[in-house]
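# Examining the three-dimensional arrangement
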Amino acid sequence: MIREIINEVKEAIQEAFTCALHTNSGSFVLFLARGDYDHRLEGEQFAHMAPKPSPYCLDYMLDSYRDETRDNFYIRYLNRRYKNDDFKYQGYDGIDDLCVEMMIYSHVWESEAFLKHLYRLSNIVSGKKFYDWDVSGIKFHGYNLIEETKGRFKVSCPKLYKIIHASYTGCIRDSFAHSLFNVDEDARIIKLYSDRAKKDLNLSRLSFDEFQAKFLYTVELCYELSRMLHETRKALIKDWELLSKPIPLPDGKILSITEAKLLHGEPRFRATIYSYRGFETAPI
């Protein structure tokens, strides 16, 4: 089952990346270059600097840094427990593993770094004119945001829509976070008691196999999205036909990538922002 899920997830992400490239290549470049908006650079302490630093940032790594411990934990867990394709929840140790996996599952669907990637990618493939630089006002958690993000993949990236649909059930996160669940080892069922589960009996219980499939789709989506984003970033630094295209910004200015290279094995990008009249305003 694991191999099939990995292949499904890879195909879905590749479909989405290809769609994003063809829909809005400039936004896809910024997505790969980790474009973000840093409000700290709007502070008065920078007002008299020449040139004034731009709040538009590339290679923004703060989200990844904050998420690094969770990332490393679930990858180590998978490497320990899923060496064999037939891992099942058996005995007390198996129930402990199931509870750990409910925690990992909940953390993935609460991960700001992961959900930002999905959110930005969904807006690119759905045809949004400009890249989502500033997402500071959005709360990256919760059923509504994830369902809206999933919905934007439905038409243009049906494979990724299917993966998210197979992965995400808000009742699991809600029930685990508030200790509103019970594991019936004999029946091999997880009973969920969150408010949402109470309203829909179809969501109130999961077999062990159903949960394990959702767990594996979730962690593989998180892992492969990060891995493939990194690999595509590395390939991007050689694609100057794509990098040389000017990228419009929401405020009417133009961003131009001026440098792309590997630094200590990591892709790094530099750019210059120009006014609509062609005058340089700020390096980033």
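See above for the structure.
Rules used in this analysis
- All residue numbers refer to positions counted from 1 along the written sequence of the respective chain.
- Only residues with pLDDT of at least 70 get local features here, since the model is predicted, and only at 80 or more are side-chain atom pairs given and counted; chain-wide, interface and lining totals rely on the full set of residues.
- Only heavy atoms go into the side-chain values, all of them from the structure, while hydrogens and water stay out.
- The aromatic pairing rule takes the rings of Phe, Tyr and Trp, using the six-membered ring of Trp, and pairs them if the centres are within 6.5 Å, calling planes under 30 degrees apart stacked, those over 60 edge-to-face and the rest tilted.
- Categorising residues by exposure relies on relative accessible area from a 1.4 Å probe, with only protein chains included: less than 20% of the type maximum marks a residue as buried, more than 50% marks it as exposed, and the intermediate range marks it as partly exposed.
- Numbering of helices and strands runs from the N terminus, with a helix taken as a DSSP run of H or I at least four residues long and a strand as a DSSP run of E at least two residues long.
- Counted as over-ring charges are cases with an Arg CZ or a Lys NZ within 6 Å of the ring centre that also lie within 35 degrees of the ring normal.
- By definition in these notes, contact holds between two residues if any of their heavy atoms fall within 4.5 Å.
- Take the number of residues in a helix, subtract one, and multiply by 1.5 Å to get its expected span.
- Whenever a carboxyl oxygen of Asp or Glu lies within 4 Å of a side-chain nitrogen of Lys or Arg, that contact is scored as a salt bridge.

Okay, the packing of aromatic side chains next. The geometry of an aromatic ring pair is captured by two quantities: the separation of the ring centres and the angle between the planes. Counted under the stated rule, the structure contains 17 aromatic pairs. When the centroid spacing of 4.8 Å and the interplanar angle of 65° are considered together, the rings of Tyr82 and Phe87 count as edge-to-face. Note on accessibility: Tyr82 and Phe87 belong to one class, buried. Taking 5.8 Å as the distance between ring centres and 80° as the angle between the ring planes, the aromatic pair formed by Tyr89 and Phe208 counts as edge-to-face. Taken as a pair, Tyr89 in the loop between helix H3 (62-81) and helix H4 (91-108) and Phe208 in helix H10 (residues 208-236) lie far apart in primary sequence, 119 residues in all. The ring of Tyr143 is capped by Arg196, whose NZ or CZ atom sits 4.3 Å from the centre of that ring.

So, about the side chain of Asp67. Examined against the element boundaries, Asp67 turns out to sit in helix H3. Take Asp67: its relative accessible area is 11%, and that puts it in the buried class. Those residues in contact with Asp67 that lie beyond four places of it in its chain are Ser111 and Ala113.

Our focus in this paragraph is the environment of Pro246. Note that Pro246 resides in the loop between helix H11 (240-243) and strand E6 (247-248). Non-local contacts of Pro246, meaning those with residues more than four positions away in its chain, are made with Ile254 and Leu255.

This next bit is on helix H5 (residues 112-125). Because the α-helix completes a turn every 3.6 residues, residues three or four places apart line up on one side. Taking 1.5 Å of rise per residue, 14 residues should cover 20 Å, and H5 covers 20 Å from first to last C-alpha, within 8% of that figure. Among the 14 residues of H5, 13 are classified as buried, and the element is accordingly described as predominantly covered. Of the residues one or two after H5, Gly127 is the one with positive phi, at around 95°.

Of note in the backbone geometry, Asp59 takes a positive phi value of approximately 60° without being a glycine. Mapped onto the fold, Asp59 is located in the loop between strand E2 (56-57) and H3. Using a relative accessible area of 15% as the deciding quantity, one classes Asp59 as buried. For His264, which is not glycine, the phi dihedral falls at a positive 55°. When you line up the elements, His264 lands in the loop between strand E7 (254-263) and strand E8 (266-274).

Taken as a whole and assessed by the stated rule, the structure comprises 20 salt bridges. Of the charged contacts, one joins Lys253 and Asp251 as a salt bridge, the two residues approaching to 3.7 Å between their closest N and O atoms. With a relative accessible area of 28%, Lys253 lands in the partly exposed category. Lys261 is the partner of Glu259 in a salt bridge, and the nearest nitrogen-oxygen pair spans 3.2 Å. Residue class for Glu259 comes out partly exposed when judged on its relative accessible area of 26%.

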